[in-house]
Amino acid sequence: MFFNWITLPYLLINPVLIPLSIARSETILAQEVSDPNYQKLVQYAQNQQLDRLAMADIIQNIATQFLGAKYQAGLLDRSPTEKLFISLKEFDCVLFVETVLALSHNFALKNYQYSAFSQQVLNQRYRHGILDGYCSRLHYFSDWINDNQKRGNLENITHKLGGITALRYPLC
């Protein structure tokens, strides 16, 4: 299954309006720092001088590099223990957002180290930016937005754009 751009809640990131979208990329574990796909993204960012662009433009440039990537559900649930998993080839709903935002954040700072990229993904994916087992992962997108907003990673501006608050029901 392949995605076209599907708009999700709007977020303000460094202070740029970003429509979150779903797209694609290559499966690697976070420890694999010599991945040729990552090196191609770094080369692209440097050649295009993405660090000179507004954050919205950086995000758009990075996101388009993943057009045609495969949607794959359950990528984070393949291991019996919680480990940082990063894909640059295939994504589920939130992996694309995390990957593009982490790459864009680091490329804007001219930080091309894979370790900084994987740390940024970890920071976004887990409650308080700490991987402490399965329960520390932000499983619900609304929790992902709220936790990242509390820590200053982004601002949810859905209300400012006329959006409504979703009803919240207890999980248990």
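What counts, and at which threshold
- Residues numbered from 1 in each chain as written.
- Predicted model: local features only at pLDDT ≥ 70, side-chain atom pairs only at ≥ 80, totals over all residues.
- Heavy atoms only, no water.
- Helix = DSSP H or I, 4+ residues; strand = E, 2+ residues; numbered from the N terminus.
- Expected span 1.5 Å × (residues − 1).
- Buried < 20%, exposed > 50% of the residue type's maximum accessible area, 1.4 Å probe, protein only.
- Arc of directions from axis to C-beta.
- Polar contact = N/O pair within 3.5 Å; in protein donor to acceptor, adjacent residues only side chain to side chain.
- Contact = heavy atoms within 4.5 Å.
- Phe/Tyr/Trp six-rings, centres within 6.5 Å; stacked < 30°, edge-to-face > 60°.
- Core = buried A, V, L, I, M, F, W, Y, C linked by side-chain atoms within 4.5 Å.
- Pairing = 2+ DSSP bridges.
- Axes fitted to C-alpha atoms, helices over the stretch in contact; angles between N-to-C directions.
- Parallel < 35°, antiparallel > 145°, perpendicular 65-115°, else oblique.
- Left-handed = near helix turned anticlockwise from the far one by under 90°.

> How do you make sense of helix 1 (residues 36-47) when you look at a structure like this?
Three- or four-residue spacings in an α-helix give side chains the same orientation, since the helix completes a turn every 3.6 residues. In this model, helix 1 (12 residues) spans 16 Å end to end at C-alpha, consistent with the 16 Å of a helix rising 1.5 Å per residue. Y38, L41, V42, Y44 and A45 are the residues of helix 1 that are buried. Relative to the axis of helix 1, the buried residues are bounded by an arc of 160 degrees and lie together on one face. In helix 1, the exposed positions that point more than 90 degrees away from the buried face belong to P36, K40 and N47. Sitting at the amino-terminal end of helix 1 is D35, which places a side-chain oxygen 2.9 Å from the backbone nitrogen of N37. Note on helix 1: the residue one or two positions beyond its end, Q49, has a positive phi of about 50 degrees.

> Whenever I open this one, the side chain of N106 confuses me. Can you help?
Looking at where N106 falls in the secondary structure, it is placed in helix 3 (residues 93-108). Discounting chain neighbours no more than four positions away, the residues touching N106 are N111, A116, F117 and Q120.

> So what exactly am I meant to see when it comes to helix 2 (residues 55-64) here?
Residues M55, I58, I59, I62 and A63 constitute the buried set of helix 2. The arc that holds every buried residue of helix 2, seen down its axis, measures 130 degrees, which confines them to one face.

> Looking at this structure, how should I read the packing of aromatic side chains?
Think of a pair of aromatic rings as described by two things: how far the centres are apart, and how the planes are tilted against each other in angle. This structure, assessed with the given rule, holds eight aromatic pairs. Relative to F117, the ring of Y38 lies with its centre 5.5 Å away and its plane at 25 degrees, an arrangement referred to as stacked. Residue Y38 is located in helix 1, and its partner F117 is located in helix 4 (residues 114-125); the two are separated by 79 residues in the primary sequence. Considered together, Y38 and F117 belong to a single accessibility category, that of buried residues. For the ring pair F66 and F96, a centre distance of 6.3 Å and an interplane angle of 85 degrees mean the geometry is edge-to-face. With F66 in the loop between helix 2 and strand 4 (70-71) and F96 in helix 3, this pair connects stretches of sequence that are 30 residues apart. Here F66 and F96 have matching classes, each one buried. Joined through ring pairs, the aromatic side chains of Y38, Y114 and F117 make up one cluster.

> Hey, could you run me through the nonpolar core in this one?
Soluble globular proteins tend to bury their nonpolar side chains together. One finds Y38, I62, F66, L103, F107, F117 and W144 to be the most contacted residues of the largest nonpolar core, which totals 39 residues. When residues of this core are traced back to their parent elements, those giving at least two are helix 1, helix 2, strand 5 (85-91), helix 3, helix 4 and helix 5 (141-150). For this core, the element with the highest residue contribution is helix 3, accounting for eight residues. Setting aside its immediate chain neighbours within four residues, Y38 contacts L88, L103, F107, Y112, Q113, Y114 and F117.

> Looking at this structure, how should I read the pairing of strand 5?
Every other side chain in a regular strand lies on the same face of the sheet, so the side chains alternate between the two faces. In terms of burial, strand 5 is a largely internal element, six of the seven residues being buried. One ladder, built from two bridges, connects strand 4 with strand 5; its direction is parallel. Paired with K70 across the two strands is E90, which belongs to strand 5.

> Help me understand the packing of helix 2 against helix 3 in this model?
Their axes nearest at 9 Å, the elements helix 2 and helix 3 cross at an angle of 125 degrees. With respect to helix 3, the axis of helix 2 lies oblique. Between helix 2 and helix 3 lies a crossing whose hand is right-handed. Along the contact surface, helix 2 presents M55, I58, I59, I62 and A63, while helix 3 presents F96, V100, L101, L103, S104, H105, F107 and A108.

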